[in-house]
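Breakdown of the fold
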Amino acid sequence: MSCALALAAGQAWAQEAGTFRYAEQVKLITMDPQQQSGSGVPFLRPVYESLFEKGPDGENVPLLATGYEVDGLDVTITLREGVSFSNGEAFNAEAAAANINRGIKLDVIEGLRTVESAEAANEYTLRIKLKEPDPAIINSLCYTGGMMIAPAALDDPAVDRNPVGTGPYVYNASESREGEVRVYTPNPTYWDKDKIGLARYEVWEIPDDTARLNSLRTGQIDAGNWLSNAQAAIIDRAPDLELIRHNGGLNYHVIISDREGTVVPAFADPLVRKAMALAIDRDAFNQAIQFGLAVKSFQPYGQGDWAYDPSLEGVYEYDLDKARELMAQSGFPEGFTFDMPSIPIYQSRLEALAGFFQEIGITMNIVPLEPGTLARRSRTTDFPATNLVWNTITDPKFVALRYIYEDAAYNPFKAKPSDELLALAEEGLNSVESEERAPAYKKMAAQLADEAFLIFVTNAPILFGVSEKTANNPSVVYRYGEDSINLRGLVAND
Amino acid sequence: MFRLIAHRLLALVPLLLIVSVLTFSFTSLLPSDPVDLILGDTGTQEQHEMLRERLGLNEPVVVRYFQWLGRAAQGDLGTSFFNSVSVTSAVMQRLPVTLSLTFVSALIAIIVGVAAGIAAALRPRSWVDRFATLGATIGQAIPNFWFGLILVAVFAVSLRWFPATGFTPISTSPWEWLRSVTLPSIALGLSSSAAIARQVRSAMVGVLQQDYIRAARAQGLSTRRVIFRHALTNAMIPVVAVLSFQITVLLGGALIVEQVFAINGLGTLAITAVRQQDIPMLQGLVLVMVALVVVVQLATDVIYGLLNPKARPS
């Protein structure tokens, strides 16, 4: 048995050569995909595969699944046969159901909150029962919600440091150094061995932007991710490095939470909100704050996304005269004052916005908060407005769940949505096909622009800083909407 | 001497207790909540409450402290709030990294500082003295993180003589270890070498004017013997006290320099723990750092006693 395994593995390993080194800008918190609430997916992808993944244009492509069917509240997924976890356990519907049910119980992954339960219909058919219609369920299964953990590891309290999945690589704990580097080596039981091209894959934790840049410059890493900051701008100008602008990324926006004017009466006036949207010089903001690496934004989606509406471009193009005119027409021509929460990374953004708003007589007091508390405080009535980022590849249904519905997470004043907005948000849930959903969500974005309680400022794409060799390596494929490289088929730079 | 060591080690116990109480109290006063950071933007109120319960954050601070103390007394410093990594293993894994950095920095600081101090003291008001004094002033004024960035730009990025980031354990490759600690240690040791140089110069100038030095010279002893055997031994007494303080400074400075060089030592762990409000990790780290400082001071006292018989405990 072991001889046969070694022989089989030997054939595949003949093509496994070299090392690829990737640097992640966040520290690893957990390698348990179902406990993963933020960044850190590059640490998971070598080991864990999801039921589906995103194709190059953002379409849902089966990975551990082979197909799906959605019928109302019933989702049936057929699974790939002949797949096993790296610990030798078989991947089947029982294992997949156990994973989904654990994800429901843990309740960390937003995309699984519409799932009632999962069960095995037969060995390779998984049946998922939804609580409510969810056109984005397959989309959710492309990410951490669909990543499959070996059944034996599901109850391991240390699964966050002992990941066991079906992926092309296995986690090498003995060669990894906690807080510094995670080492992955080929999975000898992988179901698609031709796709293993590396002898070793490393993910380095280098949160300091300058240190990460220096690592890239000296060839200590082959690629890494960056936000739109000074170091990314340096990479963009360096002749021997390349800055890759990838789809997805972060949309920075202002949320008028008190849109019925409970605390700040002026916020109930749409003319005031529109004046604020018009007063923002997004070009200047992008150049000064985001080093010219972002693009202007007037809607929640990014260019290239299926819900993106090009006709909304420039809907609130900077026009100070018009903004002042709207303020004069509003019930608040003398202006007003309000408080805006801030965390250190948003301080410069808010200072710029405060300057723009001051031009139309609105004084925005910036209130510093402890890092890590902005999201929680934004869900309370402590502030009449807030500012957040939103991942532009997130399914549009979450725009409604976060901002529109009366019980939306970031609607702390429980403002009632307009009938038009509510109808469009619900229309978007009527189909699973993005082509059928797109018209409703485009209209929803237009309606949001008209009501102007969400003021979109910029979209910063996902930015990869790579060496010249990585830029010229044809096997390097960036995952759609993710800050990670697709490891299936990745080979080392020459 | 044995009594001194025993006395100091005994004094460590109440000191660690006081420090642990203070750390626990201060971290509990922080307005932010580690649960926010663990659950991220999408955590529900119910999840917040469940997690607070699981982490014991619903208990009063006093109860939490005594629970922690009970476990710590048995050698269990707890587990990180954020993952299953034990505090002891996280700290012990990084301790050799920071100690490597501090040791090499201290070595550089002593060699450069003592050499510059002696050179300046031997020719007071000469250009050597002025140059050394100016160098010491600049060395103390330059922030170590900035100097580190300059070193990386020149010696790592341009010349490629040293790695720009990371740390290689000495057990993996002594040569790579030396390459990986050289630039951060120079950056870290710069201000300490300046402080030591000033102290050595000042002490040496005073000692060289003493009668016993004149007597040694009158006896025809060589300049080298006079300086190293008689003058430096006595001049080093105040320097040892400065050195003790400087090693404590180096331990603190490592927090910043480790960031510049992406070195995964106690400093990086401390910064992550502070950002995440990982209270068990912070608690463990502070205790280890305090113990280290006490050990350094104890070593200083022992060396001080060896150099100066008058300072030995009766």
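Treat the numbers as computed from the prediction; the structure is a model and nothing was measured. All residue numbers here refer to positions counted from 1 along the written sequence of the relevant chain. Naming scheme: in the order in which they are written, chains are lettered from A and ligands are numbered from 1. Whole-chain, interface and lining totals are the exception, using all residues; otherwise, since this is a predicted model, local features are given only for residues with pLDDT of at least 70 and side-chain atom pairs are given and counted only at 80 or more.

Section: the overall build of chain B
Each helix is a run of H or I in the DSSP string that is no shorter than four residues. Each strand is a run of E no shorter than two, and both are numbered from the N terminus. Looking only at helices and strands, one finds twelve helices and zero strands in chain B. When the elements of chain B are put in sequence order from the N terminus, they spell out α-α-α-α-α-α-α-α-α-α-α-α. In chain B, which comprises 314 residues, the share counted as buried stands at 39%. C-beta atoms are first placed from the backbone for all residues, and any pair lying within 7 Å is then listed as a contact. Of the contacts formed within chain B by residues at least 6 apart in sequence, a portion of 74% connects residues at least 24 apart. Counting other C-beta atoms within 10 Å of each residue's C-beta, where C-beta atoms are placed from the backbone, gives the exposure class: buried for 20 or more, exposed for 12 or fewer, partly exposed between.

Description of the overall build of chain A
Scanning chain A from terminus to terminus reveals 16 helices and 17 strands. For chain A, the C-alpha radius of gyration of 24 Å lies close to 23 Å, the compact-globule estimate for 494 residues. Overall, the C-alpha framework of chain A stretches about 85 × 55 × 40 Å when taken along its three principal axes. Taking all 494 residues of chain A together, 51% fall into the buried category. Partitioning the contacts of chain A with sequence separation of at least 6, the portion at a separation of at least 24 is 70%. Radius of gyration means the value over C-alpha atoms here, while the globule rule gives 2.2 Å times the residue count to the 0.38 power.

What about the domain arrangement of chain B?
All names here are of chain B. By convention here, the domain bounds are inherited from an automatic or database domain assignment. With domains assigned, chain B is organised as domain 1 (32-76) and domain 2 (92-311). Computed over C-alpha atoms only, the centres of domain 1 and domain 2 are separated by 39 Å. Between domain 1 and domain 2, the contact holds four residues from the first and four residues from the second.

As for the sheet that holds strand β6 (residues 115-122) of chain A
All names here are of chain A. Each pair of strands is called paired provided DSSP finds at least two bridges between the two strands. Ordered by their spatial adjacency, four strands build an open sheet running β4-β5-β7-β6, and the pairing between neighbours is antiparallel. Each having just a single partner strand, β4 (65-71) and β6 make up the two edges of the open sheet. Strand-to-strand twist across the sheet, computed as the mean angle between neighbouring axes with direction ignored, equals 20°. Pairing analysis gives six bridges linking β6 to strand β7 (residues 125-130), with the strands arranged antiparallel. Looking across to β7, one finds that Glu-119 is bridged to Arg-127. Against the sheet, helix α3 (residues 93-106) engages β5 (74-79), β6 and β7, with an angle of about 170° to β6. Simply put, an axis is a line fit to the C-alpha atoms, just over the touching stretch for a helix, and the angle between two N-to-C directions goes from 0 to 180 degrees.

Considering the pairing of β5(A)
Residue and element names in this part refer to chain A. Burial along β5 is one-sided: the residues Val-75, Ile-77 and Leu-79 are buried and none of Asp-74, Thr-76 and Thr-78 is. Taken together, the six bridges between β4 and β5 define a ladder with antiparallel strand orientation. Opposite Tyr-68, over in β5, you have Ile-77 as the bridge partner. Remark: two residues form the turn of the hairpin made by β4 and β5, two consecutive strands paired antiparallel; Gly-72 in that turn has positive phi of roughly 65°. Where β5 lies against β7, five bridges are found, and the strand directions are antiparallel. Within β7, the position partnered with Asp-74 by the bridge is Lys-129.

A few points about the interface of chain A and chain B
Contacts between chain A and chain B engage 30 residues on the former and 35 residues on the latter. Breaking the side of chain A that touches chain B down by element, the ones donating at least two residues are α6 (209-217) and α12 (374-378) of chain A. When residues in the side of chain A that touches chain B are grouped by element, the largest group, five residues, is from α6(A). Amino acids outside the nonpolar list (Ala, Val, Leu, Ile, Met, Phe, Trp, Tyr, Cys, Pro) and the charged list (Asp, Glu, Lys, Arg) are all regarded as polar, and Gly is one of them. Considered class by class, the residues forming the side of chain A that touches chain B number seven nonpolar, eleven polar and twelve charged.

Considering the UniProt feature "domain: ABC transmembrane type-1" (unreviewed entry) in chain B
As annotated by UniProt and renumbered to match this structure, "domain: ABC transmembrane type-1" (unreviewed entry) occupies residues 95-304 of chain B. With 84% helix and 0% strand, the stretch residues 95-304 of chain B has end C-alpha atoms that lie 26 Å from each other. UniProt positions are given in the numbering used here, feature names are shortened, and annotations may be inferred rather than shown by experiment.

Describing the UniProt feature "transmembrane region" (unreviewed entry) in chain B
Residues and elements named next belong to chain B. Mapped onto this numbering, the UniProt entry annotates "transmembrane region" (unreviewed entry) at residues 99-122, 134-157, 226-247 and 286-307. Between the end C-alpha atoms of residues 134-157 the distance is 29 Å, and the span holds 92% helix and 0% strand. For residues 226-247, the helix share is 100%, the strand share is 0%, and the end-to-end C-alpha distance is 29 Å.

Quick notes on helix α10 (residues 320-329) of chain A
Residues and elements named next belong to chain A. Within the span of α10, buried status applies to Ala-323, Leu-326 and Met-327. End-on, the buried residues of α10 take up no more than an arc of 100°, which puts them together on one face. Exposed positions of α10 whose direction lies more than 90 degrees from the buried face are Asp-321 and Gln-329. Structurally, α10 contributes buried residues whose contacts are with α8 (270-279). Think of the arc as the fan of directions from the helix axis to the C-beta atoms.

Considerations on helix α7 (residues 230-237) of chain A
Residues and elements named next belong to chain A. Regarding α7, the residues found buried are Gln-231, Ala-232 and Ile-235. Looking straight down α7, one finds its buried side chains confined to an arc of 100°; they lie on one side. Facing away from the buried side of α7 by more than 90 degrees, the exposed set consists of Ala-230 and Arg-237. Those residues of α7 hidden inside the fold are in contact with α6, β11 (223-226), β12 (241-256) and β17 (454-467).

Some thoughts on the nonpolar core
Note on terminology: a nonpolar core is any set of buried Ala, Val, Leu, Ile, Met, Phe, Trp, Tyr and Cys residues joined through C-beta atoms within 7 Å. Residues B:Val200, B:Met204 and B:Leu285 are the most contacted members of the largest nonpolar core, which totals 156 residues. What B:Leu285 contacts, discounting residues up to four positions off in sequence, is B:Val91, B:Leu266, B:Leu269, B:Ala270 and B:Ala273. One finds A:Val254, A:Ile280, A:Ala307 and A:Tyr403 within the second-largest nonpolar core, a separate group that totals 55 residues.

Points about the confidence of the model for chain B
Residue and element names in this part refer to chain B. Per-residue confidence for chain B averages 88 on the pLDDT scale, and 97% of its residues sit at or above 70. The least confident element of chain B, judged by mean pLDDT, is helix α2 (residues 34-39) at 78; the most confident is helix α7 (residues 144-158) at 94. Overall fold confidence for the complex sits at a pTM of 0.86, while the interface term, ipTM, reaches 0.81. Per-residue confidence from the prediction method is given by pLDDT, with values spanning 0 to 100.

Some points on the confidence of the model for chain A
For any part of a model where pLDDT is low, the fine detail of the predicted coordinates should not be relied upon. For chain A, mean pLDDT is 93; residues scoring 70 or higher make up 97% of the total. Taken as a whole, residues 1-14 of chain A scores under 50 in pLDDT and shows five contacts with residues more than four places along the chain or in a different chain.

Notes on the environment of B:Met289
Within the secondary structure, B:Met289 is located in helix α12 (residues 279-307). Residues B:Met289 and B:Thr248, spaced 41 residues apart in sequence, show a C-alpha to C-alpha distance of 9.3 Å.

Focus: unusual backbone geometry
Glycine aside, the phi torsion of most residues is negative, and most peptide linkages are trans. Residue and element names in this part refer to chain A. The residue Asp-107 is not glycine, and still its phi comes out positive at about 60°. Examined against the element boundaries, Asp-107 turns out to sit in the loop between α3 and β6. In this model, Phe-291 sits at a positive phi of 55°, which is unusual for a non-glycine residue. With respect to the element layout, Phe-291 can be found in the loop between α9 (282-289) and β13 (295-296).

What about the packing of helix α1 (residues 2-29) of chain B against helix α4 (residues 61-73) of chain B?
Residue and element names in this part refer to chain B. It is the contact of α1 with α4, at a shortest axis distance of 11 Å, that shows an interaxial angle of 140°. When the interaxial angle is binned, α1 and α4 end up oblique. Crossing of α1 against α4: the hand is right-handed. Residues Ser-20, Val-21, Phe-24, Ser-25 and Ser-28 of α1 touch α4, and the partners they reach there are Val-61, Tyr-65 and Leu-69. Each angle is binned into one of four classes, with values under 35 degrees roughly parallel, values over 145 roughly antiparallel, values of 65 to 115 roughly perpendicular, and all other values oblique. In this scheme the crossing of two helices becomes right-handed for a clockwise turn of the near helix relative to the far one and left-handed for an anticlockwise turn of less than a right angle.

Things to note about the environment of A:Ile485
Residue and element names in this part refer to chain A. Here Ile-485 shows up in the segment after α16 (468-471). Judged by local crowding, Ile-485 falls into the buried class, with 25 C-beta atoms found within 10 Å. C-alpha of Ile-485 to C-alpha of Ala-223: the two residues are 262 residues apart in sequence and 9.3 Å apart in space. Apart from the residues within four sequence positions on either side, Ile-485 is in contact with Tyr-22, Ala-223, Val-476, Val-477, Tyr-478, Arg-479 and Leu-490.

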